[in-house]
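# Fold and geometry: a report
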Amino acid sequence: IRNMIHCKKSKIESARQVSHAVFDKTGTLTTGQLEVAESVVLQDTIPHGVGASVSTASAILALVSASKHPVARAVAAHLNFGDTLAASQVKNVEEITSKGVQGTLGGRLIRGGNAKWLGLENNQHVSPLLDRGFTIFTVTYNGTLISVFALADSIRPEVPTLLATLAQRKVK
């Protein structure tokens with residue numbers, strides 16, 4: 001039996017009087033597995049060296065591929081479709097705690113992370129997704145927004161039944 005709580009009979013009997021339920025963060029009502037729900041690519045290719053370019057998706061994948069952060073991993077999983085730029089082409093990659101990841105490509109800065117860090121919360125491509133409650137991963141190259149990823153967590157399959165039962169019992 002998983003997640004069993006042992007308590008006194010009196011505590012179990014008083015549970016009938018509960019009027020409100022509060023749930024903690026990710027993983028209680030959700031699976032805890034972020035997935036890209038929507039993406040916006042504003043620039044298909046990135047200039048790379050003299051007269052050459054790489055696909056934006058490949059450059060982003062090279063930037064996030066080594067990250068252990070769940071948001072970066074979800075973006076990497078979304079982009080991992082074969083047409084990849086060698087990770088060595090994105091140089092000086094570093095994770096910035098609570099902000100994102102950055103490196104250089106063709107001598108210019110490529111950054112991926114939260115919209116606030118990159119000053120993009122009010123951007124026309126970002127703010128509607130933030131308003132809808134998505135976790136946002138934005139990518140800039142040389143200071144210009146090139147892509148936006150909207151991520152969501154899936155609801156656990158048993159949650160709708162749980163919430164319906166609580167509603168029937170008038171638990172808020």
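Residues numbered from 1 in each chain as written. Predicted model: local features only at pLDDT ≥ 70, side-chain atom pairs only at ≥ 80, totals over all residues. Heavy atoms only, no water.

## A few points about the packing of helix 2 (residues 56–64) against helix 3 (residues 70–79)
One way to put it is that helix 2 packs onto helix 3 with a least axis distance of 9 Å and a crossing angle of 140°. In terms of their interaxial angle, helix 2 and helix 3 are classed as oblique. Crossing of helix 2 over helix 3 shows left-handed handedness. On helix 3, the residues that touch Ala57, Ile60, Leu61 and Val64 of helix 2 are Ala72, Val75, Ala76 and Leu79. Across the contact of helix 2 with helix 3, the residue classes tally to 8 nonpolar, no polar and no charged. (Axes fitted to C-alpha atoms, helices over the stretch in contact; angles between N-to-C directions. Helix = DSSP H or I, 4+ residues; strand = E, 2+ residues; numbered from the N terminus. Parallel < 35°, antiparallel > 145°, perpendicular 65-115°, else oblique. Left-handed = near helix turned anticlockwise from the far one by under 90°. Contact = heavy atoms within 4.5 Å. Nonpolar A, V, L, I, M, F, W, Y, C, P; charged D, E, K, R; others polar.)

## Quick look at the nonpolar core
Counting residues in each nonpolar core, the largest one holds 25 residues, and the members touching the most others are Val75, Ile110, Phe137 and Phe149. Elements with a minimum of two residues in this core: helix 2, helix 3, strand 5 (100–105), strand 7 (135–141) and strand 8 (144–155). Aside from chain neighbours lying at most four places away, what touches Phe137 is Val64, Val71, Val75, Val101, Gly112, Gly113, Ser147, Val148, Phe149 and Leu151. Membership of the second largest hydrophobic core comes to 11 residues, among which are Leu120, Val126, Phe134 and Ile136. (Core = buried A, V, L, I, M, F, W, Y, C linked by side-chain atoms within 4.5 Å. Buried < 20%, exposed > 50% of the residue type's maximum accessible area, 1.4 Å probe, protein only.)

## Considerations on unusual backbone geometry
A positive phi angle, close to 55°, is found at Asn92, a residue other than glycine. Within the element layout of this structure, Asn92 appears in strand 4 (residues 90–96). Phi at Ser98 takes a positive value of approximately 65°, unusual for a residue other than glycine. On the secondary structure map, Ser98 appears in the loop between strand 4 and strand 5.

## Quick notes on the packing of aromatic side chains
Inspection of the entire model under this criterion finds 1 aromatic pair. Measuring from ring centre to ring centre gives 6.3 Å for Phe137 and Phe149, while their planes differ by 55°; the resulting arrangement is tilted. Here Phe149 lies in strand 8 and Phe137 lies in strand 7, a separation of 12 residues in the sequence. Judged by relative accessible area, Phe149 falls into the buried class, the value being 2%. (Phe/Tyr/Trp six-rings, centres within 6.5 Å; stacked < 30°, edge-to-face > 60°.)

## Some points on a nonpolar patch on the surface
Taken together, Phe23, Leu162 and Leu163 make up a surface patch of nonpolar side chains, about 230 Å² in accessible area. For Leu163, the position within the fold is in helix 5 (residues 159–168). Since its relative accessible area comes to 40%, Leu163 is described here as partly exposed. (Patch = residues over 30% accessible without salt bridge, like charges linked within 9 Å, V, L, I, M, F, W, Y side chains within 5 Å. Areas by Shrake-Rupley, 256 points an atom, 1.4 Å probe, with all protein chains shown as cover. Salt bridge = Lys/Arg side-chain N within 4 Å of Asp/Glu carboxyl O.)

## A look at the sheet that holds strand 4
Pairing within the open sheet is antiparallel, and its 6 strands lie in the order 1-8-7-6-5-4. Strands at the two margins of the open sheet, each flanked by one partner only, are strand 1 (30–41) and strand 4. Direction aside, the axes of adjacent strands within the sheet are offset by 20° on average. In this structure, strand 4 lies alongside strand 5, joined through 5 bridges in antiparallel fashion. Looking at strand 5, one finds that Glu94 is bridged to Gln102. Each of strand 1, strand 7 and strand 8 touches helix 3; the most contacted strand, strand 1, lies at about 60° to it. (Pairing = 2+ DSSP bridges.)

## Some thoughts on the side chain of Thr30
The topology assignment puts Thr30 in strand 1. Within polar-contact distance, the side chain of Thr30 engages the side chain of Asp153 at 2.7 Å. (Polar contact = N/O pair within 3.5 Å; in protein donor to acceptor, adjacent residues only side chain to side chain.)

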